[in-house]
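Coordinates in review
Each chain, letter by letter, is given below.
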Amino acid sequence: MVLTAALLMALACTRGPDVSRSPTPSPNQGVGVKTGPTTALQAMRRLCIPADIVADPVKKVPTPPAIAEVEHQVETVRGLTYDRPVNIEPITAGEMDRRLRDYFDAYYPTRFYARRSDAWATIGAIPRNVGILEALNTYQQGQVLGYYNSQNEELVYTGDATLDRIEHFVLAHELTHAIDDQHFDLDRLDDMVVHCDDEIFQAALGVVEGSANHFATQVLLRYPAAAPGSVPSGGSAGKVPPLITELQAYPYTAGQRFVDALSDQGGPAAVNRALRTFPTTTEQILHPSKFPGELARPVDVPDFSPTLGPRWHDHDVMVVGEVWLKALLDLRLDEPAAASAAAGWGGGIYRAWSDGRDVAVIMSTVWDTPADAKEFSDALGDWQSRGSGPGLVLKADGTRVNAGFASSRAVMSALSAALRSL
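What counts as what
Residues numbered from 1 in each chain as written. Predicted model: local features only at pLDDT ≥ 70, side-chain atom pairs only at ≥ 80, totals over all residues. Heavy atoms only, no water. Helix = DSSP H or I, 4+ residues; strand = E, 2+ residues; numbered from the N terminus. Buried < 20%, exposed > 50% of the residue type's maximum accessible area, 1.4 Å probe, protein only. Lys, Arg positive; Asp, Glu negative; His and termini not counted. Salt bridge = Lys/Arg side-chain N within 4 Å of Asp/Glu carboxyl O. Contact = heavy atoms within 4.5 Å. Pairing = 2+ DSSP bridges. Axes fitted to C-alpha atoms, helices over the stretch in contact; angles between N-to-C directions. Left-handed = near helix turned anticlockwise from the far one by under 90°. Nonpolar A, V, L, I, M, F, W, Y, C, P; charged D, E, K, R; others polar. Phe/Tyr/Trp six-rings, centres within 6.5 Å; stacked < 30°, edge-to-face > 60°. Lys NZ or Arg CZ within 6 Å of the ring centre and 35° of its normal. Polar contact = N/O pair within 3.5 Å; in protein donor to acceptor, adjacent residues only side chain to side chain.

For Glu 167, the location among the structural elements is in helix H7 (residues 165-184). Here Glu 167 sits buried without a salt bridge, and the closest side chain of opposite charge, Arg 165, lies 12 Å off (N-O distance). In this view, Glu 167 contacts Thr 158, Gly 159 and Thr 162; residues no more than four positions away in its chain are not counted.

Taken across its nine residues, strand S6 (residues 359-367) has nine buried, putting it largely inside the fold. Here S6 shows a buried face lined by Val 359, Val 361, Met 363, Thr 365 and Trp 367 and a second buried face lined by Ala 360, Ile 362, Ser 364 and Val 366. Sheet analysis places strand S5 (residues 345-354) next to S6, joined by nine bridges and oriented antiparallel. Each residue of the ladder has a partner; that of Trp 353, found in S6, is Ala 360. Hairpin connection of S5 to S6: four residues between the antiparallel strands, including Gly 356 at a positive phi of 95 degrees. Relative to strand S8 (residues 400-406), S6 is paired through seven bridges, and the arrangement is antiparallel. When the bridges of S8 are listed, Ala 360 appears paired with Ala 406.

All right, on to the packing of helix H13 (residues 322-330) against helix H14 (residues 335-342) then. Helix packing geometry: the angle between the two helix axes and the distance between the axes. Their axes nearest at 8 Å, the elements H13 and H14 cross at an angle of 145 degrees. Of the two elements, H13 crosses H14, and the hand of that crossing is right-handed. Where H13 approaches H14, its residues Glu 322, Leu 325, Lys 326, Leu 329 and Asp 330 are matched on the opposing element by Glu 335, Ala 338, Ala 339, Ala 341 and Ala 342. Broken down by class, the residue content of the contact of H13 with H14 amounts to six nonpolar, no polar and four charged.

Relative to the assigned elements, Tyr 252 resides in helix H10 (residues 242-276). Along the sequence, Tyr 252 and Val 207 sit 45 residues apart, while their C-alpha atoms lie 8.9 Å from each other.

When we look at a pair of aromatic rings, we describe it by the centre distance and by the angle of the planes. For the coordinates displayed, the defined rule picks out seven aromatic pairs. Seen from their ring centres, Tyr 103 and Tyr 147 are 5.9 Å apart, and the 85 degrees between their planes marks the pair as edge-to-face. Highlighted residues: Tyr 103 in helix H4 (residues 93-107) and Tyr 147 in strand S2 (residues 146-149), separated in sequence by 44 residues. Each member of the pair Tyr 103 and Tyr 147 is classed as buried. Note on Phe 258 and Phe 291: the rings are 5.5 Å apart at their centroids and 75 degrees apart in plane angle, and the pair reads as edge-to-face. Here Phe 258 is found in helix H10, whereas its partner Phe 291 is found in the loop between helix H11 (282-286) and helix H12 (305-308), with 33 residues between them in sequence. The buried category is assigned to Phe 258, whose relative accessible area is 0%. Against the face of Phe 278 rests Arg 188, its NZ or CZ located 3.9 Å from the ring centre. The ring of Trp 383 has Arg 332 lying over it, and the distance from NZ or CZ to the ring centre is 3.6 Å.

Assignment of secondary structure puts Asp 316 in strand S4 (residues 313-319). For Asp 316, a relative accessible area of 1% corresponds to the buried category. Within polar-contact distance, the side chain of Asp 316 engages the side chain of Arg 116 at 3.0 Å. In this structure, Asp 316 is in contact with Leu 47, Phe 112, Arg 115, Arg 116, Ala 119, Tyr 350, Arg 351 and Ala 352, ignoring residues within four places of it in sequence.

Counting buried positions over the five residues of strand S3 (residues 154-158) gives five, a clear majority of the element. Side-chain alternation along S3 places Glu 154, Val 156 and Thr 158 on one buried face and Leu 155 and Tyr 157 on a second face that is also buried. Between S2 and S3, which pair antiparallel in sequence order, lie four residues; one of them, Glu 153, sits at a positive phi of approximately 55 degrees.

Printed below as a string of structure tokens:
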């Protein structure tokens, strides 16, 4: 895990308004549709609350010989050398949890992710009784064996000088982050977070974590002498909403498959090129053949707060990529059907509004072909029918699919009218 402020900003803890379990009503055709002047991206910039990025002081410690050996192994498989020494500090598991809590407290803008939790819960992506920050904090407690902090270029890990196989892998992974950071400046991830560019960040994180997993695997294959070891169970991940679990795993799993594919085609030089010029969509990570040529198409959702009512205002905006949509569909559909329906993504965004009690969300996506749009529209309609919250999925002409989600039945008349006007 590379611990930039960007990673800490990956995904707020609030209990949203009660959701009606009534069936979705037909839209009231008498609702007058009015829009405000701002685009969704303008609203996203205005709603964004950047992290307060501060580097911690580094405690200088001698590098144990066993760790120095892993550094040499990483240099060998990576085909790069360290420009400067990496400060490596062993700490206890309790100290690891304490430091991670401190990072969460320092870097997570709670108000921002509280609003995002409202939006995700209204869509049906997470339960209403578990916020995003709460889930992430539960996910990482007791499961992080080490991390590299690109802010102060320090690597910390739990363990001792005698490395078992898992500790060997973790150190090789983190030391790959360190050598990649020295050559390709991983702090660039923070710029994406400061501007709340979630999809671009997730794409870049895929190649960063994929590189670390790929080369750590190569270290273990080439230097297999470490003692046996097993990954700790953690025990808490089962309490985390499945969508967040899938999103947290994605940069390590899909990211490694992406880097494996690059390496198969062009060796470490191809990986280096992807680290110099990051992928820009999670679609490119899931489908390496689409990197770097296939880019996202811009999508907008107008400001429908005047349609919803005088007390309504922008609440959250997020660009939604293929990984997020696949994780959403995975909640209620079979994995192959979800993956197939999310493939062919061309761009997407949602915009959420609130009056302080209710929440309304419109999600708009574009697809590569009309057939892709129909497949996603059918899948999302099936997905929506299996849930309990009010919602409506509409396939527009051509390649656009629009969907609306509400926290109560009372909101649906105005929301449906807005949705049908797109």
